[in-house]
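Fold and contact review
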Amino acid sequence: MKKKISIDDFNFLIQKLSEKYRVIAPKAFENEGRYSYDEDIRYSEINSIEEVVFNKKSGGSPKEILLPIVHTISVQVNNQTISTVQEKDNRDVLLFVHPCDIHGITRIDNTFKNDEYYQIRRKKIKFVMIECIENGWDSCFCASLGTNQSDNYSLALKMEDENVVISCKDNFLNEYIEKFDDYSNFKFNFVEKNRITVNVPYLESWDKMALDKIKNSAIWDEFKDRCIGCGSCNMACMTCTCMNTIDVIAEDSTGVTIQKRVWNGCQLVKSKALEKESLSQIIPKRVVQRVLDKFYRPKLKESNEQICVGCGRCVDVCPKGISFAATINKFSNELEKIYKEFGRSEE
């Protein structure tokens, strides 16, 4: 069902939908960005279509809707454990996302398929797919990874001539939108080519010789003087989902212990690690670990799809301007040299 709806009518529709759904989209928060005068664009509940940021990329990814930075798993009182994985808000979620983020969420679906906290929230989500700017943003490389398009959505939406035009695949909206004008000219514009091109590395799961050689390559040494181990890339990444589970024990005698999960990341170098090695010793190993986690680990654990979706958020937030796309290309070029050395091609 394809419809054309005025902005006022669509805002009224959002208010009606909010009775059953939380409508969540990229939203601007003034003076909350990296600098005091910057805006921070992150995923939050909206009340009107004007609040949705269509022309800028969010700094944070929608993974935070499924896995908040800090979330409580359980509370233990006097040896009795009470699960806290259920949400207080029982409404489903209409989540405004770009095609690459739809792919990102389906990637982490595999990782958390047996995680009760994640699954409760995931089952509530319906995707509202929104367009990117032409050719994507400067740091995007989704086209190289095949994540620039998706048909996995409930609703596709775009702004056109001061109207909201939609294409609805599910029938959940029928009762709300039947009265609006049909719009057969709806066309969703996917990114076809990015400014950045990435050569996706192909390393077989059985190829331990090439794996060992690439891990010990000198190409990683340049990061000794560049990466500072802040972990910003992990936090911004759509598919970085490492977490620590911690027990917070009450200081009084109530016998209460709260179990929480907190985001962590392979690029976040903590003081404990620095007790054994210097930062310049740690960084090269961490950088290669991240590349392998995105392009090699899936072959071993989940699927043959790379985990990286080319959203480029890691590049946007890096205080040292390190391009993950350039890092991947260096990895691919080095792997090609290794294969030639072994007398075989990367194919």
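Up top you'll find the structure we're talking about.
Attention in this report is confined to the structure presented alongside it. (Residues numbered from 1 in each chain as written. Predicted model: local features only at pLDDT ≥ 70, side-chain atom pairs only at ≥ 80, totals over all residues. Heavy atoms only, no water.)

1. Description of the overall build of the chain
Put simply, the test is: Here a helix means four or more residues in a row that DSSP labels H or I, a strand means two or more in a row labelled E, and each is numbered from the N terminus. For a compact globule the rule gives 2.2 Å times the number of residues to the power 0.38, and the radius of gyration it is set against comes from C-alpha atoms. Residue exposure (1.4 Å probe, protein chains only): buried if accessible area is under 20% of the type maximum, exposed if over 50%, otherwise partly exposed.
In terms of regular secondary structure, the chain is built from 13 helices and twelve strands. The C-alpha atoms of the chain give a radius of gyration of 22 Å, which matches the 20 Å a tight globule of 347 residues would have. On the principal axes, the C-alpha backbone points of the chain span a range of 65 × 60 × 40 Å. Taking all 347 residues of the chain together, the buried fraction comes to 48%.

2. Considering the pattern of salt bridges
Oppositely charged side chains can form a pair if their charged atoms are brought close together. Put simply, the rule is: Note on definitions: salt bridges are taken to be side-chain nitrogens of Lys or Arg within 4 Å of carboxyl oxygens of Asp or Glu.
The final tally for this structure, using the stated rule, is 26 salt bridges. Note that R22 is salt-bridged to D89, the shortest N-O span being 3.9 Å. Here R22, found in strand β2 (residues 21-29), pairs with D89, found in the loop between β5 (80-83) and β6 (92-97); they are 67 residues apart in sequence, far enough to count as distant. Judged by its relative accessible area of 26%, D89 is partly exposed. We note a salt bridge from E222 to R226, for which the minimum N-O separation is 3.1 Å. Its relative accessible area of 27% is what places R226 among the partly exposed residues. A cluster of three or more residues bridged by salt bridges with shared partners is formed by R22, E45, E87, D89, R91, R121 and K124.

3. Notes on the pairing of strand β7 (residues 125-130)
The condition is simple: A pair of strands is labelled paired if DSSP reports no fewer than 2 bridges between them.
Counting buried positions along β7 yields five of six residues, so the element is predominantly enclosed. Judged from the three bridges that link them, β7 and strand β8 (residues 155-160) form a sheet pairing that is parallel. Bridging across to β8, V128 finds its partner in L155.

4. Brief notes about the sheet that holds strand β11 (residues 243-249)
As a reminder, the rule being used: Every axis in this analysis is a line fitted to C-alpha atoms, fitted for helices over the stretch in contact. Angles between the N-to-C directions lie between 0 and 180 degrees.
The strand order β5-β4-β12-β11 describes an open sheet built from four strands, whose pairing is antiparallel. The two strands at the open ends of the sheet, each matched to only one other strand, are β5 and β11. Recorded for the sheet is a direction-independent mean angle of 25° between the axes of neighbouring strands.

5. Here's the deal with helix α3 (residues 99-111)
Counting buried positions over the 13 residues of α3 gives ten, a clear majority of the element. Listed as buried for α3 are P99, C100, D101, I102, H103, G104, I105, R107, I108 and D109.

6. Looking at the nonpolar core
How we decide: As used in this record, nonpolar core signifies buried Ala, Val, Leu, Ile, Met, Phe, Trp, Tyr and Cys residues forming a set joined through side-chain atoms within 4.5 Å. Residue contacts are defined here by distance: any two heavy atoms, one from each residue, within 4.5 Å place the two residues in contact.
Residues L67, L95, I105, Y118 and F127 are the most contacted members of the largest nonpolar core, which totals 37 residues. Broken down by element, this core gets its largest block of residues, four residues, from α3. Residue contacts for F127: discarding those within four places in its chain leaves L95, V97, I102, I105, R122, N152, Y153, S154 and L155.

7. Brief notes about the state of the cysteines
Filter applied, for reference: The disulfide definition used here is simple: a pair of cysteine sulfur atoms within 2.5 Å.
Under the criterion given, the structure shown has zero disulfides. There is no disulfide at C100, and the cysteine sulfur nearest it, in C311, is 5.5 Å away. The exposure class of C100 is buried, given its relative accessible area of 11%. Its sulfur unpaired, C240 is 3.5 Å from the next cysteine sulfur, which belongs to C237.

8. A few points about the packing of helix α10 (residues 279-295) against helix α13 (residues 324-341)
What counts here: Each angle receives one of four descriptions, namely roughly parallel if under 35 degrees, roughly antiparallel if over 145, roughly perpendicular if within 65 to 115, and oblique otherwise. For this classification, the nonpolar set comprises Ala, Val, Leu, Ile, Met, Phe, Trp, Tyr, Cys and Pro, the charged set comprises Asp, Glu, Lys and Arg, and every other residue, Gly included, is treated as polar.
The contact between α10 and α13 brings their axes to 11 Å, and the two run at 85°. Classified by the interaxial angle, the pair formed by α10 and α13 is roughly perpendicular. Mapping the contact onto sequence places V287, R290, V291, L292, K294 and F295 in α10 and F324, T327, I328 and F331 in α13. Looking at the contact of α10 with α13 residue by residue, the class counts come to seven nonpolar, one polar and two charged.

9. With respect to the packing of aromatic side chains
Definition in use: Two aromatic rings, drawn from Phe, Tyr or Trp (for Trp, its six-membered ring), form a pair once their centres lie within 6.5 Å of each other, and the interplanar angle then sorts them: stacked below 30 degrees, edge-to-face above 60, tilted otherwise. Over a ring means this: the NZ of a Lys or the CZ of an Arg is within 6 Å of the ring centre and within 35 degrees of the ring normal.
Enumeration over the complete set of coordinates arrives at six aromatic pairs. An angle of 25° between the planes, with centres 5.2 Å apart, marks the rings of F112 and Y118 as stacked. Judged by relative accessible area, which is 7%, F112 ranks as buried. Taken together, the ring pairs in this structure connect W220, F223 and F331 into an aromatic cluster. The side chain of R42 reaches across the aromatic face of F29, ending 3.7 Å from its centre. Across from the ring centre of Y117, 3.5 Å away, lies the NZ or CZ of R121, which sits over that ring.

10. Some points on the side chain of D101
Within the secondary structure, D101 is located in helix α3. We classify D101 as buried; its relative accessible area is 0%. Excluding residues within four positions of it along the chain, D101 makes contact with Y43, P62, M238 and R313.

11. Side note on the sheet that holds strand β1 (residues 2-6)
Taken together, eight strands build an open sheet; the order of strands is β3-β2-β6-β7-β8-β9-β1-β10 and the sheet is mixed. The sheet terminates laterally at β3 (40-45) and β10 (181-182), the two strands that pair on one side only. Note that β2 and β3 share six bridges and pair antiparallel. From the neighbouring strand, P26 faces β3, where its bridge partner is Y43. Its contacts with the sheet place helix α1 (residues 7-17) against β1, β2, β6, β8 and β9 (163-168), and it is angled at close to 105° to β1.

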